[in-house]
Amino acid sequence: MKRALLFILVFQLIGCTELQQVVNQLPQGTVGIGNAEIAQGLRDALNLGIEKQVNKLALKDGFFKNELVKILLPNELKKVDKTLRDIGLGNLADEGLRILNRAAEDAVKEATPIFVDAVKGITFSDAKQILLGSDNAATQYLEQTTKTKLYNKFHPIIQKSFKKVGADQIWGNIITKYNNLPLTNDVNPDLTDYTTQEALSGVYTMIAIEEKEIRTKISSRTTELLRKVFALQD
């Protein structure tokens, strides 16, 4: 009887030891994390993307000198660009490209609060699934759920920025010169729409960069909630 009790006690001790080892290997502070807390952690990560990455786009050359998001000419204007350079108007072509990016930089400066509000209002239907998804899963979710609404708010800002930085006059001059050339087909692209789409794409790209940083580098998790939530996906 005593031997049986001793065997049971030893078995329990071994079992407790192994159980403790398993517990020690679990991310600390992750017990009892619910969907709401995970969702808030994802919102915080997206907000950091806005604060650390998107704000850079609002600076001079934030788009123009950032090869990840630099706005290039739409396909229908590439022939315009080439033709202007061929006839010695390369400086005008350069200014046309630069001014598109200036309009986006100016617009992002005004539109950042829109993105902050969008992140606050985002509802993650399955926060844990997004947390355990790809390196940019939260950013993709943000884009899917907010892009149409943000486009509608962003478009008039881009339109205003075009006038503010002189893009409308410069591109009006460029397109008029091109359309007046012999043997060319007239072009009349919607540059406000194009620049709005490209600017939004650039914003989501920069937010995704910060999300990946938080997912892959513990040092980028600057709050207790971020450390707690993203420990789940390590």
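Structure: see above.
Everything quoted here is computed from the prediction, not taken from an experiment.

**Concerning the packing of aromatic side chains**
Given two aromatic rings, one states the distance between the centres and the angle between the planes to describe the pair. Tallied over the entire structure, the rule returns 3 aromatic pairs. Considering the side-chain rings of Phe115 and Phe154, the 6.0 Å spacing of their centres and the 70° angle between planes classify their relative orientation as edge-to-face. Of this pair, Phe115 sits in helix H4 (residues 90-121) while Phe154 sits in helix H6 (residues 137-165), and the two are 39 residues apart along the sequence. With relative accessibility at 1%, the residue Phe154 sits in the buried group. The ring of Phe64 has Lys70 sitting right over it, with the charged end atom 4.6 Å from the ring centre.

**Describing empty space enclosed by the protein**
Throughout the structure, instances matching the rule amount to 1 cavity of 30 Å³ or more. In this structure, the largest cavity encloses a volume near 30 Å³. Around the largest cavity, the lining residues are Leu73, Leu77, Val80, Asp81, Leu84, Ala93, Trp171 and Ile174. Among the elements that line the lining of the largest cavity, the one with the most residues is helix H3 (residues 75-86), at 4 residues. The residue inventory of the lining of the largest cavity, partitioned by class, reads 7 nonpolar, no polar and 1 charged.

**Brief notes about the nonpolar core**
Leu42, Phe124, Phe154 and Trp171 are the most contacted members of the largest nonpolar core, which totals 68 residues. Of all the elements in the fold, those that place two or more residues in this core are helix H2 (35-57), H3, H4, helix H5 (127-131), H6, helix H7 (167-179), helix H8 (191-216) and helix H9 (224-230). Not counting chain neighbours up to four residues away, the residues in contact with Phe124 comprise Asn35, Ala39, Leu42, Arg43, Leu46, Ile130 and Tyr141.

**A word on the pattern of salt bridges**
Applying the stated criterion to the full structure yields 16 salt bridges. Across the salt bridge formed by Arg102 and Asp61, the nearest N and O atoms sit 2.9 Å from each other. A residue pair is termed long-range when its members are at least 10 positions apart, and Arg102 in helix H4 and Asp61 in the loop between H2 and H3 qualify at 41 residues. The two residues Arg102 and Asp61 agree in class, both being buried. Between Asp94 and Arg85 there is a salt bridge, and its shortest N-O distance comes to 2.7 Å. What you see here is one network of salt bridges that share partners, running through Asp61, Lys65, Arg102 and Glu105.

Definitions and limits used
- Residues numbered from 1 in each chain as written.
- Predicted model: local features only at pLDDT ≥ 70, side-chain atom pairs only at ≥ 80, totals over all residues.
- Heavy atoms only, no water.
- Phe/Tyr/Trp six-rings, centres within 6.5 Å; stacked < 30°, edge-to-face > 60°.
- Helix = DSSP H or I, 4+ residues; strand = E, 2+ residues; numbered from the N terminus.
- Buried < 20%, exposed > 50% of the residue type's maximum accessible area, 1.4 Å probe, protein only.
- Lys NZ or Arg CZ within 6 Å of the ring centre and 35° of its normal.
- 1 Å grid on protein atoms, 1.4 Å probe; cavity = no way out; pocket = protein on both sides within 12 Å on 5 of 7 lines; lining within 4 Å.
- Points joined across faces, edges and corners; volume = space filled by probe spheres on them.
- Nonpolar A, V, L, I, M, F, W, Y, C, P; charged D, E, K, R; others polar.
- Core = buried A, V, L, I, M, F, W, Y, C linked by side-chain atoms within 4.5 Å.
- Contact = heavy atoms within 4.5 Å.
- Salt bridge = Lys/Arg side-chain N within 4 Å of Asp/Glu carboxyl O.

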